Amino acid sequence: MKYLNYSIYYLLAFCILITHSEVAANVDPDWPAFVKKYGRYAEKKLKRKGIPGAALSIVNMQSSDYIHTMGFTKVGSSQRVNQHTRFRLASVSKTFAGSLAAKLASEGEIDLYQPISDYIPEFANTDYKDNLKVYHILSHSSGLVPNAYDNLIESRMSYPDIVEKLLTVAPICDPGQCYGYQNVMFSLIDDVILRSTHKSYSQWLNDAIFTPLKMHDTSLGYDAMVQDKNYAFPHVRGKKRWYSAKLKKNYYKVAPAAGINASAADMAIWLKAQLGQYPNVLSLDALAVQTRPYTHTKKEQYRRVWKGHLSEAFYGLGWRVYNYDDETLYYHSGWVQGYRTDLVVFPHLNLGFSLIINAETGVINELTTEFINRVLKYKRG
């Protein structure tokens with residue numbers, strides 16, 4: 001796939017949109033049986049591991065949505081997970097930040113190539129000066145050491161105080177020259193949006209994404225997560241079984257990086273938005289901008305479960321861009337105490353996959369990989 005340029009991505013987004021009506025008309029009669037078989041496989045695998053609860057969302061523009069919920073919101077509880085049960089998305093929240101930033105950029109509200117120092121003047125007095133651009137923070141190419149000050153997110157320190165310390169850290173490379181995954185730096189998009197548009201990140205999400213897409217279960221922050229009883233509790237593994245844990249507020253500090261809660265029903269909507277089904281919300285331009293391969297992430301190619309399948313790996317704006325067995329995938333995962341999430345978009349196949357789990361378990365890697373492999377085999381006959 002190499003370093004793809006804008007024209008290829010605009011062409012891809014264009015193909016997604018112009019084929020929508022054609023694809024919708026060509027129903028795939030074998031698809032319901034295919035996804036149900038996978039759903040049974042996933043449920044059996046999760047039960048074998050004793051996973052408390054999970055929710056699976058699969059969309060296909062040639063068929064109806066498949067939403068399959070499993071287990072309970074909490075160990076020992078009788079409340080079952082349903083399609084409106086809220087889970088923490090953890091770092092899958094970055095896909096929302098990336099899409100929103102791409103949308104605002106395509107509409108002229110922010111400039112992705114403008115220096116961060118124009119929005120946060122304190123950066124002008126650092127090693128970055130005016131070299132750090134908005135797109136650098138969203139593509140993890142700021143030059144900072146990976147996961148800079150994530151340990152302070154776990155502490156009681158406030159986000160503004162963490163950012164103040166961040167300003168003192170010398171980069172390990174020039175912006176755009178190396179990849180270093182971030183949560184604190186990534187979340188500066190909140191300040192950029194506020195100072196550019198005079199409207200908060202939270203307001204933009206609600207007004208420009210959640211409300212028009214009718215994502216009624218999706219929200220930002222701790223208070224919204226616990227607003228009623230229909231949410232999945234976090235679980236951690238003991239020596240012999242899973243235990244429910246306290247829902248922690250710490251990673252909600254970095255809202256763009258890890259602050260969103262959503263249900264299986266809303267994840268199906270989010271997947272369809274990524275496939276061009278809601279052009280009034282996420283336009284052709286926005287879809288192209290967010291998945292441009294800004295940063296090479298070669299290390300991703302050596303993930304154990306994907307070794308031999310992944311030939312190219314990049315990071316766009318809040319989205320990973322992969323070449324998996326000669327198929328373009330947009331992907332992100334999420335992991336915060338007590339939750340795991342995976343999200344996969346197959347733009348050429350008009351398919352999307354989401355799995356959200358209320359337990360810290362590596363089985364999600366196997367389940368996602370199995371789905372990708374089954375889909376490619378199914379589509380290629």
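Shown above is the structure to which this text applies.
All of these numbers come straight from a predicted model, not from anything done at the bench. (Residues numbered from 1 in each chain as written. Predicted model: local features only at pLDDT ≥ 70, side-chain atom pairs only at ≥ 80, totals over all residues. Heavy atoms only, no water.)

Engineer: Before we go on, may I ask you to explain the sheet that holds strand β7 (residues 260–262) in this structure?
Structural biologist: Sheets are built from strands that pair by backbone hydrogen bonding, the pairs being arranged parallel or antiparallel. Ordered by their spatial adjacency, three strands build an open sheet running β3-β7-β4, and the pairing between neighbours is antiparallel. A single partner strand is all that each edge strand has here, and the edge strands are β3 (87–88) and β4 (219–220). Looking at chain direction, β4 and β7 are connected through two bridges and run antiparallel. Pairing of L220 across the sheet is with I260, part of β7. (Pairing = 2+ DSSP bridges. Helix = DSSP H or I, 4+ residues; strand = E, 2+ residues; numbered from the N terminus.)

Engineer: Please explain the pattern of salt bridges as it appears in this structure.
Structural biologist: Any two side chains of opposite charge can pair, given that their charged atoms come close. One pass over the structure, following the stated rule, counts nine salt bridges. Measuring nitrogen to oxygen at the nearest pair gives 3.8 Å for the salt bridge that ties E43 to K47. Taken together, the residues E43 and K47, both in helix α3 (residues 31–48) and four residues apart, mark about one turn of the helix. Exposure remark for K47: the relative accessible area of 61% places this residue in the exposed category. One salt bridge in this structure joins D65 and K272, with 2.9 Å as the shortest N-O distance. (Salt bridge = Lys/Arg side-chain N within 4 Å of Asp/Glu carboxyl O. Buried < 20%, exposed > 50% of the residue type's maximum accessible area, 1.4 Å probe, protein only.)

Engineer: What's the story with the environment of L100 in this structure? I'm lost.
Structural biologist: Structurally, L100 is set in helix α4 (residues 93–106). What makes L100 buried here is its relative accessible area of 0%. Considered as a pair, L100 and A208 are 108 residues apart in the sequence and their alpha carbons are 8.0 Å apart.

Engineer: Explanation requested: α4 in the structure shown.
Structural biologist: Taking 1.5 Å of rise per residue, the 14 residues of α4 would be expected to cover 20 Å, and the 20 Å separating its terminal C-alpha atoms lies within 8% of that figure. Burial of α4 is extensive: 12 of the 14 residues sit out of reach of the surface. Among all positions of α4, only S93, K94, T95, F96, A97, G98, S99, L100, A101, A102, K103 and L104 are buried. Just beyond α4, the residue with positive phi is G108, at close to 80°. (Expected span 1.5 Å × (residues − 1).)

Engineer: How do you make sense of the packing of aromatic side chains when you look at a structure like this?
Structural biologist: Given two aromatic rings, one states the distance between the centres and the angle between the planes to describe the pair. Under the definition given, this model contains 19 aromatic pairs. On the numbers, 4.6 Å between centres and 35° between planes, the contact of F34 with Y378 is tilted. With a gap of 344 residues between them, F34 in helix α3 and Y378 in helix α14 (residues 363–380) connect regions that are remote in the sequence. Residue classification places F34 among the buried residues on the basis of a relative accessible area of 14%. Measuring from ring centre to ring centre gives 6.1 Å for F346 and F371, while their planes differ by 70°; the resulting arrangement is edge-to-face. Taken together, the residues F346 in strand β12 (residues 339–346) and F371 in helix α14 connect sequence positions 25 residues apart. Classification of F371 as buried rests on a relative accessible area of 1%. Taken together, the ring pairs connect Y38, Y41, F346, F353 and F371 into an aromatic cluster. When the ring centre of F233 is taken as reference, the NZ or CZ atom of K74 above it lies at 4.6 Å. (Phe/Tyr/Trp six-rings, centres within 6.5 Å; stacked < 30°, edge-to-face > 60°. Lys NZ or Arg CZ within 6 Å of the ring centre and 35° of its normal.)

Engineer: Can you help me understand the pairing of strand β10 (residues 320–324) in this one?
Structural biologist: In summary, the side chains of a regular strand alternate between the two faces of the sheet. Here β10 lies mainly inside the structure; five of its five residues are buried. On β10, burial covers both faces: R320, Y322 and Y324 on one face and V321 and N323 on the other are all buried. Here strand β9 (residues 310–315) pairs with β10 via five bridges, running antiparallel. Bridging across to β10, A313 finds its partner in Y322. What sits between β9 and β10 in their antiparallel hairpin is a turn of four residues, with G318 showing a positive phi close to 75°. Pairing of β10 with strand β11 (residues 327–336) involves five bridges; the strand directions are antiparallel. Residue pairing across strands places Y324 opposite E327, the latter belonging to β11. Hairpin geometry of β10 and β11 is characterised by an intervening segment of two residues between the two adjacent antiparallel strands and by a positive phi of about 50° at D325.

Engineer: It is not clear to me how helix α9 (residues 201–210) should be interpreted in this structure. Could you clarify?
Structural biologist: An α-helix turns once every 3.6 residues. As a result, residues three or four positions apart point the same way. The complete set of buried residues in α9 reads Y201, W204, L205, A208, I209 and F210. All buried residues of α9 project into a common sector of 150° when viewed along the axis, lining one side. Against α4, α8 (189–197), β4, α11 (255–258), β7 and α12 (264–274) lie the buried residues of α9. (Arc of directions from axis to C-beta. Contact = heavy atoms within 4.5 Å.)

Engineer: Would you explain the state of the cysteines in this entry?
Structural biologist: In this structure the tally under the stated criterion is one disulfide. There is a disulfide in this structure between C173 and C178, and the S-S distance comes to 1.9 Å. Note on the C173 and C178 pair: the S-S dihedral is about -85°, so by sign convention the disulfide is left-handed. Taking relative accessible area as the criterion, C173 reaches 17% and is therefore assigned buried. (Disulfide = S-S within 2.5 Å.)

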